Amino acid sequence: MQFNTIKYLVFLFIVFAVTLALSKLRNSRWIILLLASLIFYYTWQPYYVALLLFSAALVYSTGLLMGRSPDLKTRRRWLWAGGGVQLLILFFFKYTEPIISSITGLNPKSAEYPLFRILLPVGISFYTFQALSYLFDIYYGFRKEERHAGYFAAYLTSFPQLISGPIERSGNFLKQLRQPFVFNLQETALGTRRIVWGLFKKVVVADRIGAIVDPVYYDVTNYHGAILFFVSLLYVFQLYFDFSGYSDIAIGSAEVLGIKLGENFNHPLSSKSVTEFWRKWHISLGNWLRDYVYNPILFANKKWGKSAIYFALLVTFLICGIWHGAKWNYVIFGSLQAFALVVEAILARKRKQWANSKTRKVYLAISWVLTFTFIFISDIFFRSGTVEDATHIIQSFVSSNWRLEELLAYVNMLTKPKLAFSLMFLISLIIVDRRISQFAHGKKDFGQFGNALVSGSMMAMVIIFGYWGKVAFLYFQF
Amino acid sequence: MIDERVNKVFRTVFENPQISVNASTTAEDIDGWDSITHLTLITSIEAEFDVSFTGFEIMGMQNVGDMVRLIAQKTDA
């Protein structure tokens, strides 16, 4: 059940109604959330519900064993054992096929492929991240182990963030779930607003842009500079509006059920450094990597001084790259991030001076251009199936064979009103994004009439112009 | 006493003479306290008190109070 379907909205409404109807019953919240989440997951992949429950049992019991361990050494052993098994499960599903296909040279989709196809359980990366964060938090003493199996399972499987995050820490989530559900019209309205806003980004804008980008990316070697530049630029916005739209729906859904999840995006495309970008892009993953990968590596090697920072950044972003897929283009994507972050860390003092100098505005403008160009280039590696494709695209930008007529022919081939609409929506979205986001966050008020007008037109546009349920969210593949 | 010396280190590391930390201060309260300056802070604290923290101890610090408690433990022993 994708978020961008009517089915999901009906499902969410039913869960909300049941939560509301049973709100007087003690402990009803975790039961409803757990059942709803299992049903939700069942609609995706019925067999893998068992795997999800196994992971919940594994991590829950590891937590108990860690809590009962008298000393740090035993706690660490349990952490490695339980967390290790969960990681192995993730590795098995994510990397078996790429490894076998690289050894045998066979495409997993071909008939001669030696193994049965391994279908990736949806959301496995994200619930593994939540599972590990729970265990690390016990290990570092941020929280005590959760003794109630039901509450723990409800946390790990919670459907709003199950498939693609935001990756939520257990402490924050369970504290809220333990409170009785109190109906608050304003919160429900804000949650709904957030969902509509997310749907708008996804079904009206991102999917329309995707329809322009995908045919070209399907076979990039056939195309030249102008058109590749055009679609690669569009892709930067497609990815952002797709994934942030998804996050809005996730956060809005949880809000309707009375749970506030952490934010996942904060206008990353206006960042003036790559460092800032990673604080504003996929925030929950960035925090996870910082807390459980970067910091432990950094502090274990703190004697190296500044080199420890560079080393920790490199390892962290290589992991970030490879997590997206066992392919060289993702390794390059991760390495590029690490490289940029290291350069910025080296220049940190200088950058601060420039930002405080008289030419501050010029410095900020140049920084934004450089940062955006960097995101643009690294997203080409992210989007391309192979390194060859990505290098072909980048080479085409500097080649003299720019072929503007190819772009014009492509634009001519697309239905004109459709293209005009898509670009108009995209440009207006870029312009209003910040203001409407604040409105969807409940931080901006256009007055009673204005609020109704904005909400009404958003909803109307989603209904009239939306590509309902036709295109999967980009981050579901991870 | 420890509190004052910790505060002095904060002012030097973050180059801000106005900083005043207390037990519940966290990274969010101080401008510029990010994952990169955190290392400078830790090594400066270690140098000031002539102590050494393990990676595990640093990871477990949730606020300045935790840091001060650890310093007290280490300088007592």
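So, a few notes on the structure that sits alongside this text.

Conventions used here
- Residues numbered from 1 in each chain as written.
- Chains lettered and ligands numbered in written order.
- Predicted model: local features only at pLDDT ≥ 70, side-chain atom pairs only at ≥ 80, totals over all residues.
- Heavy atoms only, no water.
- Phe/Tyr/Trp six-rings, centres within 6.5 Å; stacked < 30°, edge-to-face > 60°.
- Helix = DSSP H or I, 4+ residues; strand = E, 2+ residues; numbered from the N terminus.
- Buried < 20%, exposed > 50% of the residue type's maximum accessible area, 1.4 Å probe, protein only.
- Lys NZ or Arg CZ within 6 Å of the ring centre and 35° of its normal.
- Contact = heavy atoms within 4.5 Å.
- Patch = residues over 30% accessible without salt bridge, like charges linked within 9 Å, V, L, I, M, F, W, Y side chains within 5 Å.
- Areas by Shrake-Rupley, 256 points an atom, 1.4 Å probe, with all protein chains shown as cover.
- Salt bridge = Lys/Arg side-chain N within 4 Å of Asp/Glu carboxyl O.

Residue and element names in this part refer to chain A. Under the counting rule described, the total for this entry stands at 58 aromatic pairs over all chains. Their ring planes at 10 degrees and their centres at 5.8 Å tell us that Trp197 and Phe200 sit as a pair that is stacked. Taken together, the residues Trp197 and Phe200, both in helix H9 (residues 185-218) and three residues apart, mark about one turn of the helix. Neither residue differs from the other here; Trp197 and Phe200 are each classed as buried. Across the ring face of Tyr151, the terminal group of Arg178 is positioned such that the distance to the ring centre comes to 4.2 Å. Taking the ring centre of Phe439 as reference, the NZ or CZ of Arg193 above it sits at 3.8 Å.

Moving on to the side chain of Lys302 of chain A. Summarising the element assignment, Lys302 of chain A is placed in the loop between helix H12 (283-300) and helix H13 (306-324). Setting aside residues no more than four positions away along its own chain, Lys302 of chain A makes contact with Ala308 of chain A together with Leu39, Ile42, Glu46, Ser52, Phe53 and Ile58 of chain B.

Residue and element names in this part refer to chain A. On the surface, Ile6, Val10, Phe13, Ile14, Val18, Leu22 and Leu25 cluster together into a nonpolar patch covering about 630 Å² of accessible area. Take Ile14: it is sitting in helix H1 (residues 6-21). What makes Ile14 partly exposed here is its relative accessible area of 48%.

Summed over the entire model, instances satisfying the criterion amount to 22 salt bridges over all chains. The partner of Asp291 of chain A in a salt bridge is Arg290 of chain A, with the nearest N and O atoms 3.0 Å apart. Among the salt bridges present, the one from Glu57 of chain B reaches Lys74 of chain B, with a minimum N-O distance of 3.0 Å. With Glu57 of chain B in helix H3 (residues 55-60) and Lys74 of chain B in helix H4 (residues 64-76), this pair connects stretches of sequence that are 17 residues apart. Of the residues examined, Lys74 of chain B reaches a relative accessible area of 26% and is grouped as partly exposed.

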